[in-house]
Amino acid sequence: MASRLRLGQPNPNPGLSPSPGERKGEEGEARKPEPRREVTDLGGGSEVVHIPRFMSRETAWEMFEHLDKRIPWTRPTIRVFGRSVVQPRDTCYVADKGLTDLRYSGHQPHAHSWDDFPVLKDILKEVHEALPGSHFNSLLLNRYKGGSDYVSWHADDEPLYGPTPEIASVTFGCEREFLLRKKPTNTKSQAAAGESGETARKRLKASAPQQHSFLLKHGSLLVMRGYTQRDWQHAVPKRARAASTRINLTFRRVLP
Ligand SMILES: O=C(O)CCC(=O)C(=O)O
Ligand SMILES: [Fe+2]
């Protein structure tokens, strides 16, 4: 790709007066409307923001083609429950220089430079604009080559992100289901608080499993914030009918 990709779309209704949801630019000209945001309060200080049409379909397909071809994807061997397994998706890592190294499941990905991928800098800029106050400095990319690629239940709760990380996830290509479930409550602390085994069993039986599902479509943005990584787990499960490739970008901030 010769030039940087341009994100965003021209106003589809030029000449019409702006609707109440539209922003005005410095000179008062109509700007494109803010895409719809769905905010899900998970309780206990955890929150998910979903912007289904963060990017136009056309721009998102250009991004998809570019990333699919140009990112140096690898499929590393990781350790899960003491066994070596090939990670069930392709991956790549990009980060500012000088940050603490990321390490997960016994694997330390090589940190590529943003300067090698101007398109990723463009996407980062758009994400920063959509999320005022955010300062992402690293990016974990995933490529799911079909419905048998997945990410199992986990939380991105590595100490290098601090206690309340904001994680912004942009999706290109095949839509996939993204699940969130509450982490099991710490039964030891409940026992320490005087709860009997019988009471704990009754409480667990009575409480409905807390789970949320989001269909992450092409060009969407999903943000997890607050205590979501401490208190919840997320997954993109296998889906037999998801035949084509999905690329996902998760922007994170490694604390200095
Ligand atoms: O692909 C996704 O939507 C999620 C990826 C993810 O959870 C991760 O990279 O930690
Ligand atoms: Fe994750």
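In what follows, the structure referred to is the one given above.
Reference entry: report on the structure contained in this document. Everything numeric in this text was worked out from a predicted model, so none of it was measured.

Criteria and cut-off values
- Residues numbered from 1 in each chain as written.
- Chains lettered and ligands numbered in written order.
- Predicted model: local features only at pLDDT ≥ 70, side-chain atom pairs only at ≥ 80, totals over all residues.
- Heavy atoms only, no water.
- Donors = N, O, S within 2.8 Å, 3.2 Å for Na, K, Ca; no water.
- Helix = DSSP H or I, 4+ residues; strand = E, 2+ residues; numbered from the N terminus.
- Buried < 20%, exposed > 50% of the residue type's maximum accessible area, 1.4 Å probe, protein only.
- Pairing = 2+ DSSP bridges.
- Axes fitted to C-alpha atoms, helices over the stretch in contact; angles between N-to-C directions.
- Core = buried A, V, L, I, M, F, W, Y, C linked by side-chain atoms within 4.5 Å.
- Contact = heavy atoms within 4.5 Å.

**Considerations on the coordination of the iron ion (ligand 2)**
- With distances of 2.1 to 2.2 Å, the protein atoms coordinating the iron ion (ligand 2) are His154 (NE2), Asp156 (OD) and His234 (NE2).
- Each donor residue of the iron ion (ligand 2) lies on the same chain, and together they follow the pattern H-x1-D-x77-H. Residue Asp156 is located in the loop between strand E9 (151-154) and strand E10 (167-173), and its partner His234 is located in strand E14 (residues 232-236); the two are separated by 78 residues in the primary sequence.
- For Asp156, a relative accessible area of 7% puts it in the buried group.
- Using a relative accessible area of 4% as the deciding quantity, one classes His234 as buried.

**Quick look at the sheet that holds E14**
- Strand order across the open sheet formed by 4 strands is E9-E14-E11-E12, with antiparallel pairing between neighbours. What marks the edges here is a single partner per strand, and that holds for E9 and strand E12 (211-216). Direction aside, neighbouring strands of the sheet carry axes that sit 15° apart on average.
- Inspection of the sheet shows strand E11 (residues 176-182) paired to E12 by 6 bridges, in the antiparallel sense. Across the sheet, residue Arg181 finds its bridge partner in E12, namely Gln211.

**What to know about the nonpolar core**
- One finds Leu120, Phe172, Leu249 and Phe251 to be the most contacted residues of the largest nonpolar core, which totals 32 residues.
- For this core, the elements supplying multiple residues, two or more each, are strand E4 (46-51), helix H1 (57-70), strand E7 (90-95), helix H2 (118-130), strand E8 (138-144), E10, strand E13 (221-226) and strand E15 (246-252).
- Residue contributions to this core peak at 6 residues, all from H2.
- Leave out the neighbours within four places in its chain, and Phe172 touches Met55, Ala60, Met63, Phe64, Leu67, Ile123, His218, Gly219, Thr245, Arg246, Ile247 and Leu249.
- Counting 13 residues, the second largest nonpolar core, distinct from the first, contains Leu42, Tyr144, Ile167 and Val236.

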